[in-house]
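An overview of the molecular structure
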Amino acid sequence: MAGIIDSDYRRFREIVKGHVRKNLKQYIVNGELIGKEGKDYVRVPLPYINLPKFIYNDSENAGIGQGDGEEGDPIDGYGEEYGEEGGNQPGDIMYEADLSLEEIAEILGEKLELAELKPKSVDRILKEKDKYKSIRKTGPESLRHFKRTYQSALKRMISTGEYKPEKPIVIPVRQDKHYRSWVREPEPNAKALIIYGRDVSGSMDDERVDIVRNAIWCQDIWIRSQYKDRVHHAYLAHHSDAWEVDDREKFFSIYNSSGGTVISSIFNKMIELFDGPLARYNKELWNIYIFYYGDGENYESDNDKCISILQEKIIPSVNLFCYGHVTNASTNFQKKVMTLSNQSPNTRYAEISTNIQILDALKKFLGAKK
Amino acid sequence: MTKYPQEYKKIQEMVLGYIANTKLDPFPVVFEVVSSDEMSSIASYTGFPRRYPHWRFGMEYERNHNMNKYGFQQIYEMVINNNPAYAYLLEGSEISTIKTVMAHVYGHSDFFKNNYMFKNTNRNMLNKMGDNASIIRKIIDVHGLEKVESFIDSCLMIENLIDANYTFQPPKRNDKAPIFEEQETAQEIPRFKAKDYMQPFINPPEFLEAQKKRIDEAQKKEKEKVPGPEKNIMLFLLENAPLEPWEQKILAIIMEEAYYFLPQRQTKIMNEGWATYWHSKLMTEYLLRPENMLQKDELISYLDQHSKIIQQDRKNINPYRLGLDLFRYVEHCWNTGRHGKEYEECDNLERKQRWNTNEGKGLEKIFIVRSCYNDIMFIDEFFTPEFAAEQNYFMHIDDSSTDERFIFSRDFAVIKETMLNQLTNLGLPLIYIVDSNFKNRNELQLYHKWTGIPLRRDFAVTTLKSIARIWKRPVNIETVEIEKEKEKRIRIIADGEEVKRETGTSTQFI
């Protein structure tokens, strides 16, 4: 984006999103373009604000056009916006170009990171990467270093007196040629396991479920875009019992159940992933992050159990444990986790009672140390 | 911004060399080469490198950027009315595009310099816009973005309430007191000269009472006198509304910029037509000659580009096309003597079709037209039945039942009327101030001149509220609404956040 217009553009987006100047909201018109990206059709939303003025009610009714056609013939109203083949190819899928990954990353800000990410022992030296960092005198023509080659040719020609400023022609010979070359460098490799947990018990109403889904979706997409194949994911849900969901889509589509709530069940399930003889991930080799979302309405006698599991087994083993409390109602579980988060540096707590707070919560979870 | 390549300099010299042999008289032009994203952002600022902070520039940017990204529209050319003119070229354009754009830009610059509508525009607007931006930035620093931006929005809502004749009027002498001010200066009651002891006899109390009454009545009449309708609502508010100094500055800036852009809106068809006429002439007669070609495929890419520019548009008027065709038509008519009484009264169709007096004054005529006309005069005079038929124009409307547009008429009178309606007052309703002391309560009364089409109600309400915010007293507008196919006079009153709608018989809140 070209520098100067940046702040006006951001201001406009803020208004469109309804964060500021709420009185303009009613004049936002949701325009759109149907564009083409490669083979796919994409819907590009182009919202604009139609600032009120004194205008005619149907000022656009009568128009003037040019071309063939009898009176009464329809004119092709859509113009060329649909692209040439639009319409005669059935079943084109339309994608939404609403938010790109970059945009989401931009929204979440560049300062986010998986905090406390450490290169863990064994994996560390295993990976080596070739980097084109050095120059050699031999090599394939495709790797010829243009500048270096001509520089040395020029030097040679000046020193031998071949170069004439009035006719500046530089011809490299074989000994002038330089090529790019690579060196092998070990790349520190840090892998991470992200464990998402969500409460799907009966107390999770529409609003709470919505917040959990939105929060996990944003977080998931951001982490994937930033860390790509360096992270593994695990999705767990619970009511009075916990289970792992092997597929992200399924995980999102769980609505809620009528069951009770035993939070410790999901903690135990999480521990199974990285601790004990049957664990899929060795906690010595993996950076582990746990994000748990729920309303904290737990079976009362389970609360202490939860805290002791957290303190003894989870928090010492993981890089980060985060709890998103998706209601503004206070519960015993929530209070205890809050206390815990004040004592331990790798425990974080955020209240998300509305969708607007998601961003702040994610900044807390993924931001640098408090 | 990229450096101005040597090759472009050569092309510019070529273009200038040709222009020297014509009657074109443009301002000098400074070309800058910009990337496509820079072009999007400059276009959002309407060609100026610096404007005051406002969201609508960001909105334009998003639009331009996406139109470009998804291949709908690429802006190749941008020029501003300034001396010297500043124009932008798109980095990486083909040679033929650079040639076309340069020729086109010189056409615009000649038009800006010589068309009478632009006579009173500020030719140093580039710097003025920059100054205005700094002033508003400073105001924002003091009063905060939210507050200032809201006020700018209020001003923008009335930016079309200006008077096209204003810049041509001699400056008004300020001998008349502003009409909203009360003339409460106590006037001395005239009495006959008399010694003190004679007073009760020469100027008896009854006489003085009568005199006083007469003066009061005269004053009252003066106060009730409705000033003539005022179209320049922006100026009126600027001079008479109780504004804070910073508000006054902003309103003045928005008004100044509105007047600067007004002639461009009034000559869109002519301006584009003129520039297209000249780029076409320059390209085909000179710049594409074999000895002037820098690349082999220039001709093909020029033809491709030019045909896109003048593509027939089935939905809207394409100003490039209409303007170009009209200039060529005028040129043709004056070359062959097809104008004037004798030609118009000739009813022998065959003779008319072959009419040629070898008058040869085409070029001369179009230069006169370029200097002395605006769009509405241009269309009114030269958009003739023959022209409309030749160019295949039609009028289309929306079918409300199917939501599809269809060709409604090919009748010349209908087409021309629609066209002139769209150009009259730039297609905007005519609104006047008729009273600034409505009901003797310092309220502002506006009047919408009825031409058969009602105002868009929700917009009118908000705009009215905006004016009330500026005027700081209630504002009302008298207009007409169509109810059950009957025209009904109504008055909409904005009093703070409250809005009322009054008909002759009832009042309701909206």
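Please refer to the structure higher up on the page.
Now for a look at the structure at hand. What you are looking at is a predicted structure, and each value in this text was computed from that prediction instead of being measured.

Assigned secondary structure in chain B consists of 20 helices and 11 strands. Long-range pairs, those at least 24 residues apart, make up 70% of the contacts in chain B between residues at least 6 apart in sequence. Total accessible area on chain B stands at roughly 25900 Å², and carbon and sulfur atoms take up 51% of it.

Let's shift gears to the overall build of chain A. Scanning chain A from N- to C-terminus turns up 10 helices and 12 strands. Burial status across chain A gives 42% buried among its 370 residues. Long-range contacts, defined here as pairs at least 24 residues apart, represent 74% of the contacts in chain A between residues at least 6 apart. Accessible surface, chain A as shown: approximately 20700 Å² in total, 50% of it carbon and sulfur.

All names here are of chain B. Two elements in contact, helix α13 (residues 319-336) and helix α17 (residues 375-382), have axes separated by 11 Å at closest approach and are oriented at 50 degrees. The orientation of α13 with respect to α17, classified from their angle, is oblique. For the element pair α13 and α17, the recorded crossing hand is left-handed. Within the contact between the two elements, α13 uses Leu322, Gly323, Leu326, Phe327, Tyr329, Val330 and Trp334 and α17 uses Phe378, Ile379 and Phe382. Taken together, the residues of the contact of α13 with α17 break down into nine nonpolar, one polar and no charged.

Counted by the stated rule, this structure contains 42 salt bridges over all chains. Here Arg501 of chain B makes a salt bridge to Glu483 of chain B, at a shortest N to O gap of 3.0 Å. Of this pair, Arg501 of chain B sits in strand β10 (residues 498-502) while Glu483 of chain B is found in strand β8 (residues 475-483), placing the two residues 18 residues apart along the sequence. It is possible to trace a salt-bridge network through shared partners that takes in Arg11 and Arg21 of chain A together with Glu146, Glu149 and Asp153 of chain B.

This part takes up the environment of Arg213 of chain A. Residue and element names in this part refer to chain A. By secondary structure assignment, the location of Arg213 is in helix α5 (residues 206-227). Distance from Arg213 to Tyr255, taken between C-alpha atoms, is 9.6 Å for residues 42 residues apart in sequence. Not counting residues within four places of it along the chain, the set of residues in contact with Arg213 comprises Arg198, Phe252, Ser253, Ile254 and Tyr255. Side-chain polar atoms of Arg213 contact the backbone oxygen of Phe252, separated by 2.9 Å. Of note is the side chain of Arg213, whose polar atom sits 3.4 Å from the backbone oxygen of Ile254.

All names here are of chain B. In the segment running from Asn83 into Pro84, the intervening peptide bond is cis, with an omega of 0 degrees. The residue Pro84 is located in the loop between β2 (77-80) and β3 (85-90) in this model. The backbone phi angle of Asn425 is positive, close to 50 degrees, even though this residue is not glycine. As for its placement among the helices and strands, Asn425 is situated in the loop between α19 (412-423) and β6 (431-438).

Time to look at the interface of chain B and chain A. With 78 residues of chain B at the contact, the number on the chain A side is 56 residues. Regarding the contact of chain B and chain A, the summed buried area is about 6000 Å², with carbon and sulfur atoms giving 58% of it. In this assembly, chain B and chain A are joined by six salt bridges. Here chain B and chain A share 27 residue pairs in polar contact (both at pLDDT 80 or more) between them.

With that settled, consider the environment of Asp295 of chain A. Residues and elements named next belong to chain A. Relative to the helices and strands, Asp295 resides in the loop between β10 (287-294) and α8 (302-317). Sequence-wise, Asp295 and Gln334 are 39 residues apart; in three dimensions their C-alpha atoms are separated by 8.1 Å. Within the structure, the side chain of Asp295 is placed 2.6 Å from the side chain of Ser203, a separation counted as a polar contact.

Right, let's get into a nonpolar patch on the surface. Residue and element names in this part refer to chain B. On the surface, a nonpolar cluster with roughly 570 Å² of combined accessible area is contributed by Phe192, Tyr197, Met198, Phe201 and Ile202. Position of Met198 relative to the elements: it lies in the loop between α6 (145-157) and α7 (199-202). Note on Met198: relative accessible area 31%, which makes it partly exposed.

This part covers the pairing of β8 of chain B. Regular strands place their side chains on alternate faces of the sheet. Residue and element names in this part refer to chain B. Across the nine residues that make up β8, a large majority, seven, are buried. In this sheet, β8 lies alongside strand β7 (residues 443-448) in parallel orientation, the contact comprising four bridges. Bridge pairing in β8 links Gln445 to Asn476. Between β7 and its parallel partner β8, the chain crosses via helix α20 (residues 457-471), and the hand of that crossover is right-handed. Sheet topology note: the β8/strand β9 (residues 486-495) ladder contains nine bridges and is antiparallel. From the neighbouring strand, Ile482 faces β9, where its bridge partner is Glu487. The turn joining β8 and β9, which pair antiparallel and follow one another in sequence, is formed by two residues; a positive phi near 50 degrees is taken by Lys484.

It is worth spelling out helix α9 (residues 233-240) of chain B at this point. Owing to its 3.6 residues per turn, the α-helix aligns residues three or four sequence positions apart on the same side. All names here are of chain B. In terms of burial, α9 is largely enclosed, as seven of its eight residues are buried. Among the residues of α9, those classed as buried are Ile233, Met234, Leu235, Phe236, Leu237, Leu238 and Asn240. Residues of α9 that are buried make contact with α6, α10 (245-266), β6, β7 and α20.

Residues and elements named next belong to chain B. One can describe the packing of α9 onto α10 by two numbers: an axis separation of 10 Å at closest approach and a directional angle of 160 degrees. By the angle between their axes, α9 is roughly antiparallel relative to α10. Crossing geometry of α9 relative to α10 is assigned as left-handed. On α10, the residues touching Met234, Leu235, Leu237 and Leu238 of α9 are Gln248, Leu251, Ala252, Ile254 and Met255. For the contact of α9 with α10, the class distribution of residues is eight nonpolar, one polar and no charged.

Turning to the sheet that holds strand β12 (residues 347-351) of chain A, a few remarks are in order. Residues and elements named next belong to chain A. Strand order in the open sheet formed by six strands is β9-β8-β7-β10-β11-β12, and the pairing between neighbours is mixed. Of all strands in the sheet, those bounded by a partner on one side alone are β9 (242-245) and β12. Sheet twist, expressed as the mean angle between neighbouring strand axes with direction ignored, is 20 degrees. As paired elements, strand β11 (residues 320-325) and β12 share five bridges and run parallel to each other. Across the sheet, the residue bridging to Tyr323 is Tyr349, located in β12. This element, helix α7 (residues 263-274), spans β7 (192-199), β8 (231-238), β9, β10 and β11 of the sheet and lies at about 155 degrees to β8. Relative to β12, helix α10 (residues 358-366) is tilted by about 175 degrees, and along the sheet it contacts β10, β11 and β12.

Attention now goes to a negative patch on the surface. Together, Glu70, Glu71 and Asp73 of chain A together with Asp411 of chain B give the surface a local cluster of negative charge. Assignment of secondary structure puts Glu70 of chain A in the loop between β3 (63-66) and β4 (94-96).

With that settled, consider the nonpolar core. Counting residues in hydrophobic clusters, the biggest one holds 67 residues, and the most contacted among them are Ile49 and Phe54 of chain A together with Leu237, Ile250, Leu444, Leu446 and Ile467 of chain B. Looking at which element gives the most residues to this core, the answer is α10 of chain B, with nine residues. Leaving out residues up to four positions away in the same chain, Ile49 of chain A has contacts with Phe12, Ile15, Leu24, Tyr27 and Ile28 of chain A together with Trp55 and Met59 of chain B. Core analysis: the second largest hydrophobic core is formed by 63 residues, Ala103, Phe378, Phe382 and Ala388 of chain B among them.

With that settled, consider the sheet that holds β7 of chain B. All names here are of chain B. Taken together, the six strands give an open sheet; going across it, the order is β6-β7-β8-β9-β10-β11, and neighbouring strands pair in mixed fashion. With one partner strand each, in any of the chains shown, β6 and β11 (507-509) form the two edges of the open sheet. Direction aside, the axes of adjacent strands within the sheet are offset by 30 degrees on average. With five bridges connecting them, β6 and β7 associate as antiparallel partners. Within β7, the residue paired with Tyr432 across the bridge is Tyr447. Each of β6 and β7 is contacted by α9, which is oriented at about 30 degrees to β6, the strand it contacts most.

Rules used throughout
- Residues numbered from 1 in each chain as written.
- Chains lettered and ligands numbered in written order.
- Predicted model: local features only at pLDDT ≥ 70, side-chain atom pairs only at ≥ 80, totals over all residues.
- Heavy atoms only, no water.
- Helix = DSSP H or I, 4+ residues; strand = E, 2+ residues; numbered from the N terminus.
- Contact = heavy atoms within 4.5 Å.
- Areas by Shrake-Rupley, 256 points an atom, 1.4 Å probe, with all protein chains shown as cover.
- Buried < 20%, exposed > 50% of the residue type's maximum accessible area, 1.4 Å probe, protein only.
- Axes fitted to C-alpha atoms, helices over the stretch in contact; angles between N-to-C directions.
- Parallel < 35°, antiparallel > 145°, perpendicular 65-115°, else oblique.
- Left-handed = near helix turned anticlockwise from the far one by under 90°.
- Nonpolar A, V, L, I, M, F, W, Y, C, P; charged D, E, K, R; others polar.
- Salt bridge = Lys/Arg side-chain N within 4 Å of Asp/Glu carboxyl O.
- Polar contact = N/O pair within 3.5 Å; in protein donor to acceptor, adjacent residues only side chain to side chain.
- Buried area = accessible area lost by both parts, 1.4 Å probe.
- Patch = residues over 30% accessible without salt bridge, like charges linked within 9 Å, V, L, I, M, F, W, Y side chains within 5 Å.
- Pairing = 2+ DSSP bridges.
- Right-handed = clockwise from strand over helix to strand, strands pointing away.
- Lys, Arg positive; Asp, Glu negative; His and termini not counted.
- Charge placed at Lys NZ, Arg CZ, Asp CG, Glu CD.
- Core = buried A, V, L, I, M, F, W, Y, C linked by side-chain atoms within 4.5 Å.

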